[in-house]
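# An overview of the molecular structure
Listed below, chain by chain, are the residues.
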Amino acid sequence: MTAIQLHSLGKAYGAAEVMRDVNLSIEPGEFVVLLGPSGCGKSTILRMVAGLESVSSGEIRIGDRVVNDLPPGDREIALVFQNYALYPHMTAFENIAFGLRRLKVPKPEIEERVAKVSEILGITPLLQRRPRQMSGGQQQRIAIARAMIKQPKVFLFDEPLSNLDAKLRDQMRIELKKLHRMQTATTVFVTHDQLEAMTLADRIVIMNAGIIEQVGTPEEIYYSPRTLFVAKFVGTPNINLFPMNVDSAADGLRLRSEGFSIPLGSQWNATVSKGQKLIAAYRPKDFVLAKPDTPDVLAMTVELTEMMGDETLIQGTLGGQQIQVLVPYSSQIKEGQTAHLTLRDDRLKLFDEKTGLAMMLPSDQRHSL
Ligand code: ADP
Ligand code: MG
């Protein structure tokens, strides 16, 4: 198994610098997902690793080789794109076998390898069809088979599921995970879909405008976002943000905004101080319905409800902010009613208003980049 390392990687197209100082170390056999909004540079990284795009500065290592100047064909990688790019005039078999035929692999071996890969991917009945005789999901499986048959050391996927409908995407996601378990090739997978990233990744790399915001396991990214960008990008429905001032009261530090104030647990004493301007962030599930006479209860008029199965998403205004809260469906809360809410202390995330960086608790240190 092969490690991949990016050292201070940069990319410019003419005068336009689209990426700078990207550092990333991918372990042998790891499944790493590059996640970020459109245009943040995910494909550019993948294409540089693949050798389809030149490196403007820095270094890429695959295994123990610096590959900056190595042609794509010598990198022992396989690439799967969003558009399957199958040869339309060839059957599925011929598409899958194409690379091996070009390498003059003997015919019986080709047939054996195609049969094996096809079995794993469940495409044996499709082998004599041409691309236009197959659905999108089937074509994408052929494209994956074509990549797998090369037995690459490194798999690169660029949004391979984006063209599939939701149900098929779910199914293919599970299959890709199983495939990775079987093959354990080092994998770099690009997507803008956080669900895909969360479910597939050993580690997620969150990118924003050509830089890395955070690298971490799905748990670290979700529970301990290092920046406001990460907190906002990951999690549905969106995280709720409140601009707050730190104030001190008889019972300790409190966060205060125009509409409300909440106590800060003493665990924050070492990290924040009076007068600081912070953004408090709570996910919709970090609120708990409470009795109206609970201390520090927040009262919110419910303006809109959305039934989401076991849960109801309620929307309203708190401290001048439009917020979204998930409550159990069984609470039967209706539009026009007042929701009394408390906040889960252990879920509070605080960010510096100016830098957007997370205020870290001593227990968060292991989640640092
Ligand atoms: P993503 O895959 O995350 O959507 P890309 O890696 O495709 O983003 O693009 C990153 C940035 O580089 C974007 O601003 C894009 O416009 C720019 N870019 C990509 N390819 C080229 C190119 N061939 N010429 C000029 N700019 C490019
Ligand atoms: Mg892209």
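Computed from a predicted structure; not experimentally measured. (Residues numbered from 1 in each chain as written. Chains lettered and ligands numbered in written order. Predicted model: local features only at pLDDT ≥ 70, side-chain atom pairs only at ≥ 80, totals over all residues. Heavy atoms only, no water.)

### A look at the site of ligand 1
- What surrounds ligand 1 is the set Tyr13, Val18, Pro37, Ser38, Gly39, Cys40, Gly41, Lys42, Ser43 and Thr44.
- Between ligand 1 and Gly39 there is a distance of 2.6 Å, counted from an oxygen atom to a backbone nitrogen or oxygen.
- At a separation of 2.5 Å, an oxygen atom of ligand 1 approaches a polar side-chain atom of Thr44.
- Relative to its unbound accessible area of 560 Å², ligand 1 is 55% covered by the protein chains.
- Residues of the shell around ligand 1, tallied by class, amount to four nonpolar, five polar and one charged. (Near = heavy atom within 4 Å. Polar contact = N/O pair within 3.5 Å; in protein donor to acceptor, adjacent residues only side chain to side chain. Areas by Shrake-Rupley, 256 points an atom, 1.4 Å probe, with all protein chains shown as cover. Nonpolar A, V, L, I, M, F, W, Y, C, P; charged D, E, K, R; others polar.)

### Details of the domain arrangement of the chain
- Splitting the chain by domain gives domain 1 (4-232) and domain 2 (237-365).
- The C-alpha-based centres of domain 1 and domain 2 are spaced at 39 Å.
- Contacts between the two partners involve ten residues from domain 1, matched on the other side by 13 residues from domain 2.
- When the two sides are added together, the surface that domain 1 and domain 2 hide from each other amounts to roughly 1,000 Å², 63% of it contributed by carbon and sulfur.
- Its largest share of buried area at the contact with domain 2, domain 1 owes to Tyr222, Arg226 and Leu228, together 47% of the area lost on that side.
- Our enumeration of links across domain 1 and domain 2 arrives at zero salt bridges.
- At the junction of domain 1 and domain 2, the tally comes to three residue pairs in polar contact (both at pLDDT 80 or more). (Domains from an automatic or database assignment. Contact = heavy atoms within 4.5 Å. Buried area = accessible area lost by both parts, 1.4 Å probe. Salt bridge = Lys/Arg side-chain N within 4 Å of Asp/Glu carboxyl O.)

### Considerations on helix H2 (residues 92-102)
- Burial in H2 covers these residues: Ala92, Phe93, Asn95, Ile96, Ala97 and Leu100.
- Residues of H2 that are buried make contact with helix H3 (107-121) and helix H4 (136-148).
- Once H2 finishes, Lys104 follows within two positions and takes phi at roughly 60°, a positive value. (Buried < 20%, exposed > 50% of the residue type's maximum accessible area, 1.4 Å probe, protein only. Helix = DSSP H or I, 4+ residues; strand = E, 2+ residues; numbered from the N terminus.)

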